[in-house]
Structure formats: C-alpha cells, structure tokens
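Summary of the model geometry
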Amino acid sequence: MPKRDYTAVMEKLSEAYAKHSPRSAALNREAGKFMVDGGSHAVRLMEPFPPRIATARGGWMTDEDGHQILDFWQGHWANILGHNPAVITSALSQAFAEGFGLQTGFTDRLQIETAEILCRQTSHEQVRFTTSGSLATMYAIMLARAFTGRELVLKVGGGWHGAQLWGLKGVHFGAAGFEGLDSAGIPQSATDEVLITRYNDPDFLRDQFRHHGDGIACFILEPCMGAGGGMPATKAYLQAARELTHQHGSILIFDEIICGFRYRAGDVGSLVGVRPDLATFAKVIGGGMPIAAVAGRADILGIAGHAGGSRVGFSGGTFSAHPACMLAAKVMMSHLVEHEAEIYPKLADLGDKARRMVEKSFAEEGIYAQSSGYGNDALPPSSLVRVHFPYSAGHPITRPEDALNPAVCDVELSDKVLRVAMLLENVNVMFGLGSISAAHTEADLALVAEAIHRTARRLKPAFAASRS
Ligand SMILES: Cc1ncc(COP(=O)(O)O)c(C=O)c1O
C-alpha cells in the first residue's frame, strides 16, 4: 500500500488554520525568539503552530483567538476530572488564603496523609515522592539496580518512561524497529544496559529471560501502553512478567504513571492480581499539580533510607513533596476514592462510546480507523482513546510494533494531520482522540462525530491520490 502524501492537504490546512488563529500565530512567532521551537515540551509544539491557551475549565478551553475548544489532551492525560476542577482549585485557594502552600522545605502532617492514601489504595508498603514521572522511573530503576547488584534494564519497545537515561532507548519506531536511541548525549554504557522486548509477547519475553535473566536488574512496563499505542497488556503477559522476574531474581516495575487511578481509585496491578515489586505514579494523582511517586516493597525502597545505608541517592529535590502538590494530590485521591462507583463506570462507558463513534464516523467517510483502549481479560475499557489508521482492515492493533510502524498504520494522519484538521473544528485531539475526562459528556462526543465528518472530507484528496 503506498504511503499517502499529505503535502498538499497540510498546506491547505495550515493556511486555513493561520487565518483561523491569527493571534496564536503571532504569539508563536514571539515564542520562537525566547524558547527553543517556541516552547518547552516537544509534544505540545505541533505543526504549523500550537494554539496558545488562555483559560480552561472542564472539557473545554479558550485560546487567545477566543475559540472555545473541546479538549481531549487534558493535561497530558492527567486531568481525569477535566481542567481546573473546583474540588482542587477551591482547596488550593483556601490553603493559600490561610498561609499554607508555598512554605517548601519542611516535613508536615499532610505528607503523611497523602502517603497513607496512596499506599492504602495501591496496597504498596511504602512510598517516596518526587516531582516528575521521569524522576520516578529513574529512581525506581536505580533502586532495582542497587538492590539486585545487576545492570540490565529490560523495557518494552515503544514504551515511554520519561526523559531519563534508561528511558531514551526504543521509544520511537525507526529503521531498526525499536532498537534505536531516542536522544544524543546519553552515555554509551547506559544504552548498552537497556534491552528491548516486545509487548504482549510472552514467548519472546521468556526467550529474553532465558538468555539474559541472570543479568536483568528490572523489567519496567506499563500495564496499558500510553505513548506506545494505548493497548492494554493481556493477563498472560503480565503473569509471565511476574513469574519470569520472580524466577530470575529481577525486580518487576509497573509504570502506572498513566494508568494509576485512571481505571479505578488505585493501582491497576490489583485489578489484574499481579503485584509488582515497585510501581511509579504521577499524572492523575496530582490533581493537575506536578507530583510523582515511587511505591512498593519496603525492603527495596529502604535502601534509599538510613536503615539501608542510604545506598541509593533518592534523596529528594528542592520541591519534593511540595505542600501545594501534596494538598492537590490528597484532595484528588480522596475525591476519586469517595466517588469511585460513579466516576469510573462513566469513564469506561464514555470511552467505549467514543471509540465506536470515531470508528463509525470515519467509516461513513470511507476511512478505516481502529480505536485502542477496549477492555480485555486484564483491564476494563479505558478512558484513553487512541485512534489508529491501519492500511489494511481486520488486523487488530495490539502491539507498538504495529501501532507506531508507518508501514502498518498511517501515523502521519493520526499524529500530525488530524491535529491541525480537528483544531479547525475547535476540537483538540492527540494521537487520534485522547483522554475522556469526567467532565466530558455524550453531547461532546456528538460534536466530535460531526467534526470528524467535516475533517474527513478535507482529507479526501490525500486518500484519492494514494488510490490513483
Ligand atoms: C508511562 C509514562 N511514564 C513516565 C512518564 C514521564 O512523566 P513526566 O512527564 O512527568 O516526567 C510519562 C509521561 O508522559 C509516561 O506516560
């Protein structure tokens, strides 16, 4: 199947978008003078330029041009209640008014309360907080390497665990599949220490443990892939991961930075009945504030503490356990626990409705789309909806090797073209659609369906040319 050529379509879309958003265009020119590429996070800096957002509430946001935009990016999938939920903003405003929130650098009662909720809801023994998911996965890997005295880190091809030395290999699909490095500037030793495995392939995993098992310090994976394509792990795969790490004395790390508190008010390991040795959390638990955590076995975390000789330098940072973040996290997790029975079934239902709506709307325009995030034997339906455009129908996308491979799926359409095309409809999508929050409604999904129909018609020239 020939690759579709979007050059002409992108030119037209970019021209229309520049007219649609002149104020954002001007602000982006200004931004480019002071920041690399005009921003500080590559995913936000779309072509031809991102909308500059002024305010946001619930499922919607307003840009500097005054458009009301229906948003499915939702804070890098962190905002499970939508933007600026009143339950968090009112707690923070009240705290600031009472002189609490920016007095960093101390220990306080709130840290205990927040840690207690996280440990209780995830059934982990202990936790240590940090400020970003990248730091959390880095510390978890350092703990595993020090605890086992081994060097090898096994990760899934297509898995994103943040910008840290053991995470920047095997993220993007390239000429050598997932064997490439994702950044310059990494020590060669770190890259040699990272082995790449295949998601949802227990046989391949067994092979790797047979060959390298005695050198593997840890296996880090997401129970549901985020950046790698949005598909859940199968129960058999998670069980194999547990059995093999156990047999070979390796540490099993679940990166729950996306899926923690996304499927239930707690971890997903408990849903599947597979207990990792360590787990990382961030995004949802922070209520929109920067917080992350490494949770797990006390004997492993303990090697960062006095009793363990402070062997691992997980000693914290200036803003670790920041009081305003701890407050937001405590309030958010408590809210999710209290409203678990109403929030999560609604999210799963809207997620499935969104998946089917996207597939149907594109199909009605003659475009084959496949959504990921449907439930399987391990996980219930997800509220994260990723959309793939496989070149051939009937082949379920269950692995990053397919989802991110431009020869199998039209990734230019899902990751680039659709973004600008849907912004012309005042809908902000990421990787096809994105994150359904508790603030979204069925009426919002109906708006998206209409937007997809109009968008698909704008894309038709690229499809027609690829057929001729
Ligand atoms: C699964 C996963 N792990 C780790 C990270 C890194 O977290 P952060 O962006 O907070 O550094 C991310 C971020 O998107 C993620 O999705």
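Along each chain, residues carry numbers from 1 onward, in the same order as the chain's sequence is written. Two thresholds apply to this predicted model, a pLDDT of at least 70 for residue-level local features and 80 or more for giving and counting side-chain atom pairs, whereas whole-chain, interface and lining totals are computed over all residues. Processing note: side-chain calculations cover all non-hydrogen atoms of the structure and skip hydrogens and water entirely.

1. Overview of the overall build of the protein
Assigned secondary structure in the protein consists of 16 helices and 14 strands. Taken against the 2.2 N^0.38 rule, which gives 23 Å for 468 residues, the C-alpha radius of gyration of the protein at 22 Å falls within 12% of a compact globule. Reported as C-alpha extents along the three principal axes, the dimensions of the protein are approximately 65 × 60 × 45 Å. Whether a residue is buried, partly exposed or exposed follows from its accessible area with a 1.4 Å probe, protein chains only, as a fraction of its type maximum: under 20%, in between, or over 50%, in that order. Burial statistics for the protein: of 468 residues in total, 57% are counted as buried. A separation threshold of at least 6 residues defines the contact pool for the protein, and within that pool the share at least 24 residues apart is 71%. Every helix listed is a DSSP run of H or I at least four residues long, and every strand listed is a run of E at least two residues long, numbered separately from the N terminus. C-alpha atoms define the radius of gyration in this analysis, and the globule rule sets the expected value at 2.2 Å times the number of residues to the power 0.38. Contact between two residues is taken to exist if any of their heavy atoms lie within 4.5 Å; hydrogens are not considered.

2. A short note on the sheet that holds strand β3 (residues 68–71)
When DSSP finds two or more bridges between a pair of strands, those strands are recorded as paired. The four strands lie next to each other as β1-β2-β3-β13, forming an open sheet whose pairing is mixed. Each end of this open sheet is capped by a strand with a single partner; those strands are β1 (53–57) and β13 (427–428). Direction of pairing for strand β2 (residues 60–63) relative to β3: antiparallel, over a ladder of three bridges. For Thr-62, the partnering residue across the bridge sits in β3 and is Gln-68.

3. Topic: the packing of helix α1 (residues 7–20) against helix α15 (residues 411–423)
α15 packs onto α1 with a crossing angle of 35 degrees between their chain directions and a minimal axis gap of 9 Å. Where α1 crosses over α15, the handedness of that crossing is left-handed. Contacts between α1 and α15 involve Val-9, Met-10, Leu-13, Tyr-17 and His-20 from the first element and Lys-416, Val-417, Val-420, Ala-421 and Leu-423 from the second. All residues other than Ala, Val, Leu, Ile, Met, Phe, Trp, Tyr, Cys, Pro, Asp, Glu, Lys and Arg, Gly among them, are scored as polar; the first ten of these are nonpolar and the last four charged. Here the residues of the contact of α1 with α15 sort into eight nonpolar, one polar and one charged. A fitted line through C-alpha atoms represents every axis, and for helices the fit uses only the stretch in contact; the resulting angles, taken between N-to-C directions, go from 0 to 180 degrees. Handedness of a helix crossing follows the sense of rotation of the near helix relative to the far helix, less than a right angle counterclockwise being left-handed and clockwise being right-handed.

4. Looking at the sheet that holds strand β5 (residues 152–156)
Read from one edge of the open sheet, seven strands run β4-β10-β9-β8-β7-β5-β6, paired in mixed fashion. Single-partner strands in this sheet number two, and they are β4 (126–130) and β6 (194–197). Strand-to-strand twist of the sheet, defined as the mean angle between neighbouring strand axes without regard to direction, takes the value 20 degrees. Judged from the four bridges that link them, strand β9 (residues 278–281) and strand β10 (residues 292–296) form a sheet pairing that is antiparallel.

5. A word on the side chain of Ser-320
You can see Ser-320 is positioned in the loop between α11 (298–301) and α12 (323–338). Sequence-distant contacts of Ser-320, defined by excluding residues within four places in its chain, comprise Phe-129, Thr-130 and Thr-131.

6. Some thoughts on the site of the ligand
By convention in these notes, a residue is near a molecule or strand provided one of its non-hydrogen atoms lies within 4 Å of it. Near the ligand the following residues occur: Ser-132, Gly-133, Ser-134, Trp-160, His-161, Gly-162, Glu-222, Asp-255, Ile-257, Ile-258 and Lys-283. Definition of a polar contact: a pair of N or O atoms within 3.5 Å, with one able to donate and the other able to accept a hydrogen when the atoms are protein atoms, and with sequence-neighbouring residues admitted only if both atoms are side-chain atoms. In this structure, Ser-134 approaches the ligand through a side-chain N or O atom, which is 2.7 Å from an oxygen atom. Trp-160 has a polar backbone atom sitting 3.3 Å from a nitrogen atom of the ligand. Contact with the protein chains hides 81% of the accessible area of the ligand, taken as 390 Å² for the molecule alone. A per-class count over the shell around the ligand returns three nonpolar, five polar and three charged. Where accessible areas are quoted, they stem from the Shrake-Rupley method and a 1.4 Å probe; at the residue level, only the protein chains shown are allowed to cover.

7. Let's talk about helix α6 (residues 133–148)
Quick reminder: α-helices carry 3.6 residues per turn. Residues three or four places apart thus point the same way. What a helix is expected to span follows from its residue count: subtract one and scale by 1.5 Å. Counted at 1.5 Å a residue, the expected span for α6 with its 16 residues is 22 Å, and the 23 Å between its end C-alpha atoms agrees. Taken as a whole, α6 has its buried residues at Gly-133, Ala-136, Thr-137, Tyr-139, Ala-140, Ile-141, Leu-143, Ala-144, Arg-145 and Thr-148. Taken from the residues just after α6, Gly-149 is the one with a positive phi, measuring 70 degrees.

8. Things to note about the pairing of strand β12 (residues 384–388)
By the criterion of burial, β12 is predominantly enclosed, with five of the five residues buried. Going residue by residue along β12, you find Leu-384, Arg-386 and His-388 tucked away on one face and Val-385 and Val-387 tucked away on the opposite face as well. Relative to β12, strand β11 (residues 370–372) is paired through three bridges, and the arrangement is antiparallel. Counterpart to Ser-371 in the pairing with β12 is Val-387.

9. So, the packing of α12 against helix α13 (residues 340–364)
At a minimum axis distance of 5 Å, the contact between α12 and α13 shows a crossing angle of 85 degrees. In terms of their interaxial angle, α12 and α13 are classed as roughly perpendicular. In this structure, α12 contributes His-335, Leu-336, Val-337 and Glu-338 to the contact, and α13 contributes Glu-340, Ile-343 and Tyr-344. In terms of residue class, the contact of α12 with α13 is built from four nonpolar, one polar and two charged. Roughly parallel means an angle under 35 degrees; roughly antiparallel, over 145; roughly perpendicular, 65 to 115; everything else is oblique.

10. With respect to the nonpolar core
Among the nonpolar cores identified, the biggest contains 138 residues, and Leu-143, Phe-219, Leu-336 and Leu-433 are the most heavily contacted of them. The element contributing the most residues to this core is α12, with ten residues. In this structure, Leu-143 is in contact with Leu-278, Val-294, Ile-300, Leu-301, Ile-303, Ala-304, Val-312 and Phe-314, ignoring residues within four places of it in sequence. Grouping buried Ala, Val, Leu, Ile, Met, Phe, Trp, Tyr and Cys residues that are joined through side-chain atoms within 4.5 Å yields what is termed a nonpolar core. In this structure, Trp-77, Ile-258, Leu-384 and Phe-431 belong to the second largest nonpolar core, which totals six residues.

11. Side note on the pattern of salt bridges
Note on definitions: salt bridges are taken to be side-chain nitrogens of Lys or Arg within 4 Å of carboxyl oxygens of Asp or Glu. Under the counting rule described, the total for this entry stands at 24 salt bridges. When the shortest N-O distance is used, the salt bridge between Glu-365 and Lys-460 registers 3.4 Å. Residue Glu-365 is found in the loop between α13 and β11, and its partner Lys-460 is found in helix α16 (residues 442–467); the two are separated by 95 residues along the sequence. The class for Glu-365 is buried, based on a relative accessible area of 12%. Here Arg-458 ties to Glu-425 by a salt bridge, and the two come within 3.7 Å at their closest N and O atoms.

12. A closer look at helix α9 (residues 235–248)
In a regular helix each residue adds 1.5 Å, so 14 residues correspond to 20 Å; α9 covers 20 Å between its end C-alpha atoms and thus fits that length. Of the residues making up α9, those classed as buried are Tyr-237, Leu-238, Ala-240, Ala-241, Arg-242, Leu-244, Thr-245 and His-248. Contacts made by the buried residues of α9 are with β5, β6, α8 (202–212), β7 (216–221), β8 (251–255) and α10 (269–272). Phi turns positive one or two residues past the end of α9, at Gly-249, with a value near 70 degrees.

13. A look at the packing of aromatic side chains
Only the six-membered ring of Trp is used, alongside the rings of Phe and Tyr, when aromatic pairs are assigned; centres must lie within 6.5 Å, and planes under 30 degrees apart are stacked while those over 60 apart are edge-to-face, with the rest tilted. On inspection of all chains with the given rule, the structure shows seven aromatic pairs. Members of the aromatic cluster, connected to one another through ring pairs, are Trp-73, Trp-77 and Phe-431. Two conditions define a charge located above a ring, namely a distance within 6 Å from the ring centre to NZ of Lys or CZ of Arg, and an angle within 35 degrees of the ring normal. Above the face of the Phe-314 ring, Arg-128 is positioned so that its terminal group lies 5.8 Å from the ring centre. Over the face of the ring belonging to Tyr-374 we find Arg-355, whose NZ or CZ atom lies 5.2 Å from the ring centre.

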